[in-house]
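Structural description and commentary
Each chain, letter by letter, is given below.
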Amino acid sequence: MSDRLKALADAGVSIWLDDLSRERIETGNLAELVTDRSVVGVTTNPTIFASAIANGERYDEQVRKLVASGADVTKVVFELTTEDVRNACDVLAPVAERTAHDGRVSIEVEPDLANDTEGTIASARALWAAVERPNALIKIPATSEGLPAITTAIAEGISVNVTLIFSEERYRAVLDAYLTGLEQAREAGRDLSTIRSVASFFVSRVDTEVDKRLEEVGTDEALALRGKAAVANALLAYGAFEEVTASDRWRSLAEAGAHPQRPLWASTGVKNPDYSDTMYVTELVVPGTVNTMPEKTLEAFADHGEVHGDVVTGRAAEGRAILDRINEVGVDFDDALLVLETDGVDKFKKSWVELVETVQGQMDQATA
């Protein structure tokens, strides 16, 4: 057991792994990470699955059987990925039994539906039914078209991981979509205690985009602000979470058995080698949140990460002041977030193409 990761978990941060493969499941590696690295959840995406399928032989037999049955590439992708998530849910089931908000495994709706509300709802329903595990989470993007899909999924009792959140404004819309879904579920007589959700607020990409703009400005004052935007933006998000969970609207739902939609810090791998490789973990410690890490970040924290207690609660105004300074030196922060949201959806869709092409390649090999 890593003492540093245990300290992080003891500080109230749920450690989730941002990776999954059939090899991890079948070799017992995932179970070992639960035991030795305090991992209590898993997030996936099409790029992760594409890498796992391209680099492992453990999918070959299932691919051959599906091809022989006449399945097309979309069906094969669906079957391979839901199989992995179902089995990962089973590995993490003991965690979910101990602590119901953890032990979760996320799987994304088809990304090319990011701007299609009804298509997203249909994809979420299909994935939820296929995985058929109470500790699954269906990832739905926080696009304007995704918001009503989030509400519908929650209202139907589907647990959701909302992804691709970059701005405080969009995050507030996500919180509203979640509460609206819970209110509809309550009206329908559903047991709110069975519904879980996290909201994935992206971190490192914010510094990547803003730092580039600060360097273009080039003044000493601008350069001194590099590496500060991402955490400041996350502080604003947590401030919104604090505000909403203190509201009468939320209290009414909580009294009916609802659970808060926990903030999840996503994209926590550090892109700039000049920065500490654990900064997006150490600087975002606050109880009741999730930090989903690529294995490289997880191992870096196990080796030298530091926990300084809750360093987030009550600091929204401080975050706002940093972002104001970034604007004052000549960087349009709102525009940077708009670019990130647009690029995020584009990457989201491209990752799906990558997965489909990878699986098609495996299918062609099986046919040959």
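What counts, and at which threshold
- Residues numbered from 1 in each chain as written.
- Predicted model: local features only at pLDDT ≥ 70, side-chain atom pairs only at ≥ 80, totals over all residues.
- Heavy atoms only, no water.
- 1 Å grid on protein atoms, 1.4 Å probe; cavity = no way out; pocket = protein on both sides within 12 Å on 5 of 7 lines; lining within 4 Å.
- Points joined across faces, edges and corners; volume = space filled by probe spheres on them.
- Helix = DSSP H or I, 4+ residues; strand = E, 2+ residues; numbered from the N terminus.
- Nonpolar A, V, L, I, M, F, W, Y, C, P; charged D, E, K, R; others polar.
- Buried < 20%, exposed > 50% of the residue type's maximum accessible area, 1.4 Å probe, protein only.
- Pairing = 2+ DSSP bridges.
- Axes fitted to C-alpha atoms, helices over the stretch in contact; angles between N-to-C directions.
- Parallel < 35°, antiparallel > 145°, perpendicular 65-115°, else oblique.
- Left-handed = near helix turned anticlockwise from the far one by under 90°.
- Contact = heavy atoms within 4.5 Å.

The computed volume of the largest pocket comes to approximately 770 Å³. Forming the boundary of the largest pocket are 37 residues, of which Asp18, Asn45, Thr47, Ile48 and Arg205 lie nearest the centre. When residues in the lining of the largest pocket are grouped by element, the largest group, six residues, is from helix α4 (residues 46-55). Among the residues forming the lining of the largest pocket, the class breakdown is 11 nonpolar, 16 polar and 10 charged. When its volume is computed, the second largest pocket comes out at roughly 320 Å³. As for the second largest pocket, its lining consists of 15 residues, and the residues nearest its centre are Ser167, Glu168, Glu169, Asp334 and Leu337. Secondary-structure elements contributing two or more residues to the lining of the second largest pocket are α9 (168-187), α12 (229-245), α16 (316-328) and α17 (333-367). By residue number, the principal contributor to the lining of the second largest pocket is α17, which donates five residues. Its residues placed into classes, the lining of the second largest pocket shows five nonpolar, three polar and seven charged.

Counting buried residues along strand β1 (residues 13-17), five of its five residues qualify, which places the element largely inside the surrounding structure. The two faces of β1 match: Val13, Ile15 and Leu17 on one face and Ser14 and Trp16 on the other face are all buried. Bridge count between β1 and strand β8 (residues 289-293): five bridges; the pairing is parallel. Bridge pairing links Val13 to Thr289 in β8. In the sheet, β1 pairs with strand β2 (residues 39-42) via three bridges, with the strands oriented parallel. Within β2, the position partnered with Leu17 by the bridge is Val42.

This brings us to the packing of helix α8 (residues 146-155) against α9. Contact geometry for α8 and α9: axes closest at 7 Å, N-to-C directions at 30 degrees. With respect to α9, the element α8 is oriented roughly parallel. Handedness of the crossing formed by α8 with α9: right-handed. Where α8 approaches α9, its residues Leu147, Ile150, Thr151, Ile154 and Ala155 are matched on the opposing element by Arg170, Ala173, Val174, Ala177, Tyr178, Thr180, Gly181, Leu182, Gln184 and Ala185. Taken together, the residues of the contact of α8 with α9 break down into 10 nonpolar, four polar and one charged.

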